[in-house]
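Examination of the molecular architecture
Spelled out, the chains give:
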Amino acid sequence: MKAMLKKHWHLAVLWAVLAVVTAAYVWAARVKIVIEAENYVSITPSMTVGSDKTASASKYVHIPLRRPHGENESGPADTGNTVYKFKIPVAGVYRLWVRANWYDSCGDSFFVIVNDQAQSWVGEDGTYQKWHWVKGKTYQFSAGVHSIKFQNREDGAKLDQFLLTNDLRYVPTRIEKQTPSYIVRN
Amino acid sequence: MSGARSWRHIRSWDGPAAWPAAAVVLLLLATAWALGQAGQASSAPAGYQWAEEDGEVPYAVAGSLTGAGQPVLTLRLEAAEGGDHLLLQVKDGQAQFFALQGNKPVPIGAAGKLQGVSGEGTEFTVQRTGWRLSFICGGRVICRGWSLAEEGAVEKVGWQTAGGTKVEDARIQPLGPIEMSDDFMRVPESGGTWEPEAGKWQQRALREDAQASAMDASKSANPFSYYGEAAKDGPGITLTGYWFWTDYRISAAVRGDEDSVIGLVACYHDRANYLAVRWTCKTAVAAADKLQLLAIADGKEQVLAEARQGFLAGQWYRLALGWSDGLVTCWVDDEPKLLARVDLFGQGRAGLMSAGREGAFFDDVEVQDWEEVADELVSFPPGKWQLQGGQWTPGPKGVRVTSKSEAMATTGRPQWRNYIASVHIAGTAAAAGLVLGAGGEEPVLVAVRPKGAAASLAVLSRADANGWQELSAVQCQYSAKTGALLEASLEDGFVIGRLGTAVVEAFVPSAEGGRVGLYTSGATDLVFKDFTVRFPQPPAPAHLVKEFTDVSQHFEMAEWASRRRGWVNEEDLAKGVNLLQPRMTLPSGPWWSKGDYYADYVVTLPVRNVGNRDFTQTVTLDAEPGWENAGVTVAISGRSGEKTLYFEVRRGEERLGEARVEVTAEETQVACERRGAYVVIRVDESVVWAQPALPAPGRRAQPGAEGERKGEGQ
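As the structure is a prediction and not an experimental result, all values here were calculated from the model.

Turning next to the pattern of salt bridges. All names here are of chain B. Under the definition given, this model contains 43 salt bridges over all chains. Of the charged contacts in the structure, one is a salt bridge between R132 and D325, with a shortest N-O distance of 3.3 Å. Of this pair, R132 sits in strand β10 (residues 132-137) while D325 sits in the loop between β24 (316-324) and β25 (327-332); the two residues are 193 residues apart in sequence, bridging distant segments of the chain. Taken as a pair, R132 and D325 share a single burial class, namely buried. One salt bridge in this structure joins D257 and R255, with 3.5 Å as the shortest N-O distance. Ionic contacts of the salt-bridge type, sharing partners, join the residues R132, D247, D325, D375 and K384 into one network.

Printed below as a string of structure tokens:
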């Protein structure tokens, strides 16, 4: 090995430079993954699909309102959820954003479970009855295929799209275009 | 050397083929990278560096300018499909926006002065909306421009620099609607979008005030609020929103004690640079009884406007601060209180402020888009106004116009709807006024026609390319020397013009709104000044409380009108039925609105099973039980087998008109509106009938009439 390196050191340097340049180019690339909520891999009731012409592609998923709503509730009635799979091209820290429409203060959040790990949640921002982007947590992803699950935390919560980006300064402000190349179908 | 041996030599990385192979690989990689950089801009002018992403209107371009001394920069916004290409040119200490018409740069805004940039980098932003452009550098608005673009229009963003100037970290940030609210109804320290910047801020689950003698959350509609205290070295401030927010209004319910100082902030950059409204208590020990608009720039405070209107300790109010187009406004309980012009920062976050020795409570915060146009017309920047005919000369007293025939200056966006425009007019002309929907297919002119003692105020529509058709006119008082303020409003086709005490109105179903124009004809010495366009807020939601029907403790509520639940039945009232309770059977007889409605209103009702039955429904406006003939009755009929609605409009025995409309659905929405003296009937939002049919509000034909009720339907 040492003898080979000594003999071909110039080639080794060339490959090292190529590797660094390629890695730098890939690292510098901003990644934005946008997935429509109705493009799930699986859906479990009570999560269900709804229609609204003001939602992206006129569709969303939601935990329908229970009656009575917001009174003496000890927790979600079920683990209704949708699961999505996506490809991360570049390892790094990604910010989650969700485009949501909350019913009220008792219907304004989802559980978020990434790669079947410990659940967190997104929501409780205080804006109701309108579609808007809600800032979620950041997650460390390796390059490859990952999954995310949005699960029932409060009834009345609706999800239109979600976005993952390694540009931590980026703020979505309107409907985003879906990025099919990052979506894994099964 | 044979092909196979050549291949083996390359594979073993030995021999003369290794280096050329590696060079080819490098070249291919470099070419791929360069193509990736050039990307879709291959057709755009050379010499520019292009952003990775295109901008979709509206958007902002942000980055950092580095270099020594005065920067030299040309930023290019290349329209992908049609539209003007735009330039921002920065050189010799000045910056200005241009539109490229052919290859010629034409200014679309006034030039602004720019300080030098630092070696470490000076942050800059170029905001590009559907109408306005802004160049903000070092936290200050440097210059503005105006160029219309469709929402969603794609523009490539590129730049070139010289003289050591560099653009670093350039990125595109989409802009979108601002809709944020917070009632703080959550577990303390959980959720929310607030980021305390200074002072101490905490969510409170229960208010501590004299009205809550026994704290019990179950007995309070909303016990949650946000409590802020000042920092040791300055006001307490907590922020929401983003750096690129512009043209918005923040409002909040606020409450303070005697030593509280309550405030809202807008265009926040840092603790030394922001706009604010600051409010002290009537009976405070220091700086009492003040409502102030402030600009804090580089740490120095400037009072922009002030009024002696302090708050009462312990009282809840609704305080609001709006900023748009260089105009700052503050409201208290939806009443505008202070107004000032300042165009320092151009963008920034919104927030709450508490600056006194005691803290302050905040609740029900809202931040929404806010657009308001205010132009003194002393400078008349290019691009903001498009001129047609006449000679327009801006000066310290406004813009002076001379024209033998028609002349118009147009501004604004085609998307404008439902607004109030105003301008002060002085001088002499055959006609002078405001065009609503200027440049569109159906413009409407509200104009004063000074004719000495016989001056008139009129509403006219554009009949054809040759002239205007008068729709309505009233006499008015007008002095060419002192002039007068002309106001013109448009709401869903209903046009009102006001000049002094004269009011004229017309209904133009096809008038949708759009850009606004200053108009004159035959002007010898006419001056326009102080032009504004305002977009009235929708009415606040009506809340239903038990006193609406149960008047046993508050008899004065018996005639209280509300948009929320307007209908009472005489039979129910006679029986004392509580309308808030579920009912098993409906009473007979007509339903009347509870209480009187002043001025304009709309009665909307669904008409079901069209074509499946014979039916007649009636809506009576401006009448009361027993005096139905005093108002106008709209009869809505349908026949089995016909997808047609028939309308007959009567005032007592007099038949005012009729209409019929074909419908496709079994259920349609019918709206009967009172708009000034007009009665307007819409079916699924299309106008089917509109005529003056009622006396104008405030000038009743029967001044002795009491307890007039409006709106009967069954």
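Having seen the model, we can carry on.
Residues and elements named next belong to chain B. Strand order across the open sheet formed by 7 strands is β15-β18-β27-β20-β21-β22-β23, with antiparallel pairing between neighbours. Because the sheet does not close on itself, it has two edges, and the strands there are β15 (195-198) and β23 (300-307). For this sheet, the mean inter-axis angle between neighbouring strands, taken without regard to orientation, is 25°. Of the pairings in the sheet, the one linking β15 to strand β18 (residues 236-240) comprises 3 bridges and is antiparallel in character. Paired with A198 across the strands is I237, a residue of β18.

A few words on the packing of aromatic side chains. Residue and element names in this part refer to chain B. Counted by the stated rule, this structure contains 36 aromatic pairs over all chains. Here the aromatic rings of Y242 and W245 are separated by 6.1 Å at their centres, their planes lie at 85°, and the arrangement is edge-to-face. For Y242, a relative accessible area of 24% gives the class partly exposed. Each ring, one from W392 and one from F528, has its centre 6.2 Å from the other, and the planes form 15°; the classification is stacked. Within this pair, whereas W392 is found in strand β31 (residues 391-395), its partner F528 is found in strand β41 (residues 515-534), the two being separated by 136 residues in sequence. Under the relative-accessibility criterion, F528 is labelled buried at 0%.

Residues and elements named next belong to chain B. What the 5 strands build is an open sheet, ordered β11-β10-β9-β3-β13; its pairing is antiparallel. One side of each edge strand has no neighbouring strand; the edge strands of this open sheet are β11 (140-146) and β13 (166-174). Looking at each pair of strands side by side, their axes are set apart by 15° on average, direction ignored. Direction of pairing for β10 relative to β11: antiparallel, over a ladder of 6 bridges. Of the residues in β11, the one forming a bridge with F135 is C143.

Tracing the chain through its elements places A340 of chain B in strand β26 (residues 335-341). Between the alpha carbons of A340 of chain B and W323 of chain B there is a distance of 9.7 Å; along the sequence they are 17 residues apart.

Residues and elements named next belong to chain B. Mapped onto the elements, S251 comes out in strand β19 (residues 248-256). Note on S251: relative accessible area 5%, which makes it buried. At a separation of 3.0 Å, a polar atom in the side chain of S251 contacts the side chain of R318. With sequence-adjacent residues up to four places away left out, S251 is seen in contact with L264, R318, L319, A320, D364, V365 and E366.

Residues and elements named next belong to chain B. Burial along strand β29 (residues 372-375) is two-sided: E372 and A374 facing one way and V373 and D375 facing the other are all buried. Across 4 bridges, β29 lies against β41 in antiparallel orientation. Looking at β41, one finds that D375 is bridged to F531.

Residues and elements named next belong to chain B. Across 4 bridges, strand β14 (residues 179-182) lies against strand β28 (residues 360-369) in antiparallel orientation. Looking at the pairing, E179 lines up with Q368 of β28. Where strand β17 (residues 225-229) and β28 come together, 3 bridges link them in antiparallel fashion. Residue pairing in the sheet places G228 in a bridge with A360 of β28. Relative to β28, β19 is paired through 8 bridges, and the arrangement is antiparallel. By the bridge assignment, A253 is partnered in β28 with D363.

The rules behind the values
Residues numbered from 1 in each chain as written. Chains lettered and ligands numbered in written order. Predicted model: local features only at pLDDT ≥ 70, side-chain atom pairs only at ≥ 80, totals over all residues. Heavy atoms only, no water. Salt bridge = Lys/Arg side-chain N within 4 Å of Asp/Glu carboxyl O. Helix = DSSP H or I, 4+ residues; strand = E, 2+ residues; numbered from the N terminus. Buried < 20%, exposed > 50% of the residue type's maximum accessible area, 1.4 Å probe, protein only. Pairing = 2+ DSSP bridges. Axes fitted to C-alpha atoms, helices over the stretch in contact; angles between N-to-C directions. Phe/Tyr/Trp six-rings, centres within 6.5 Å; stacked < 30°, edge-to-face > 60°. Polar contact = N/O pair within 3.5 Å; in protein donor to acceptor, adjacent residues only side chain to side chain. Contact = heavy atoms within 4.5 Å.

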